[in-house]
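Fold and geometry: a report
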Amino acid sequence: MKMIASCVAAAIALLGVGSASAAESEKGNVTLIYNDIVAPADQDGYESASKSFNKCLGQHGVKIPWLAWNHETGDTYRYSIAAGPMSWADMDKLREATKPCDSVWHSEGNPHLKTETASFLVAVPELSRMPKDDGAKPALIGVTLFTLNNGHDTDETFTDALKKIKAAAEKTKWSLDYTFYRVRAGDKDAPDYVLVAPYKSWADYGAGPNPAVWKMLENADGKQEADAIHKAIDGAIKDASSHVDSYNEELSYHPAKK
């Protein structure tokens with residue numbers, strides 16, 4: 001639970017259900033993410049297929065980037081491929097633009113997959129301290145998955161606590177940047193929210209934020225308020241897990257610049 005104590009505490013809100021608002025639909029805050037698991041013997045074949053697929057995307061002028069991440073902890077035979085960020089309307093365009101490359105992936109990629117799951121991650125700025133340079137590709141990202149207890153009141157309590165944490169982080173100029181994503185259309189085991197925090201190196205990750213989140217909150221709002229927020233967050237979480245991913249430039253797709 002180190003990630004919860006050190007880089008998280010700004011944890012989550014709103015179950016990933018229901019329809020998007022009109023405002024949300026127009027924003028470029030949606031990421032389509034695929035989580036692929038391969039057998040050890042299939043890694044080379046999977047990576048070769050990913051490069052072929054990216055080449056096809058380039059040949060057809062796909063304008064949305066696809067970023068690849070290797071899981072360095074947790075299941076290390078897992079890859080996460082993220083397409084976006086984009087608007088919901090962009091998703092329609094992406095689906096149409098990538099159709100010619102479906103056969104490439106079906107013939108070259110699918111044979112190397114053990115499983116693949118997909119979902120949408122919708123960024124929630126009001127719960128996040130977005131990195132100033134949102135185009136930068138960090139060497140590592142800490143990823144924390146949160147599943148909340150059932151109930152609207154739990155959502156509301158948790159969301160309120162996270163907003164207070166963000167306010168305290170801004171007030172104290174806390175050292176950690178992070179983005180919270182609401183999960184939509186995941187499978188039955190999908191979390192409700194995902195927290196992503198960027199790191200420059202393993203040394204940066206190991207050091208963690210200074211001060212730690214609860215101390216930062218205490219410095220900003222006093223011990224009594226910090227303890228109340230801590231209790232609210234702990235009571236809302238049903239389950240949490242974390243892993244660290246490294247950015248894979250070779251397996252990523254970047255649209256050609258005009």
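Within each chain, residue numbers correspond to sequence positions counted from 1 in written order. Two thresholds apply to this predicted model, a pLDDT of at least 70 for residue-level local features and 80 or more for giving and counting side-chain atom pairs, whereas whole-chain, interface and lining totals are computed over all residues. The basis for every side-chain value is the complete set of non-hydrogen atoms in the structure, without hydrogens or water.

**With respect to the environment of leucine 32**
Under the convention used in this document: We count a stretch as a helix when DSSP gives it H or I for four or more residues in a row; a strand needs E for two or more, and each element gets its number in order from the N terminus. In this description, contact between two residues means that some pair of their heavy atoms is separated by no more than 4.5 Å.
The topology assignment puts leucine 32 in strand S1 (residues 30-38). Those residues in contact with leucine 32, other than ones at most four positions away along the chain, are Ile81, Ala82, Ala83, Met86, Met91, Ser119 and Phe120.

**A few points about unusual backbone geometry**
Cis peptide bonds are those with omega within 30 degrees of zero, and the linkage from glycine 84 to proline 85 qualifies with 5°. Topologically, proline 85 is positioned in strand S3 (residues 78-86). At the junction of asparagine 210 and proline 211, the peptide bond is cis and its omega measures out at 5° in the coordinates. Locating proline 211 in the fold gives a position in the loop between helix H7 (202-207) and helix H8 (213-221).

**Focus: the nonpolar core**
In summary, soluble globular proteins display a tendency toward joint burial of nonpolar side chains. The condition is simple: Residues belong to one nonpolar core when they are buried, are Ala, Val, Leu, Ile, Met, Phe, Trp, Tyr or Cys, and are joined through side-chain atoms within 4.5 Å. Only protein chains enter the calculation, and the probe is 1.4 Å; a residue is then buried if its accessible area is under 20% of its type maximum, exposed if over 50%, and partly exposed in between.
In this structure, Ile165, Tyr178 and Ile233 are the most contacted members of the largest nonpolar core, which totals 32 residues. Elements supplying a minimum of two residues to this core: strand S5 (140-148), helix H6 (152-172), strand S7 (193-199), H8, helix H9 (223-236) and strand S8 (237-253). Judged by nonpolar contacts, the second largest core, of 27 residues, contains Tyr46, Trp66, Met86 and Leu251.

**Description of the pairing of S1**
The condition that has to hold: Here a strand pair is declared whenever DSSP counts at least two bridges between the two strands.
In terms of burial, S1 is largely enclosed, as eight of its nine residues are buried. Across seven bridges, S1 lies against S3 in antiparallel orientation. Looking at S3, one finds that isoleucine 37 is bridged to arginine 78. Taken together, the nine bridges between S1 and strand S4 (residues 113-123) define a ladder with antiparallel strand orientation. Looking at S4, one finds that threonine 31 is bridged to leucine 121.

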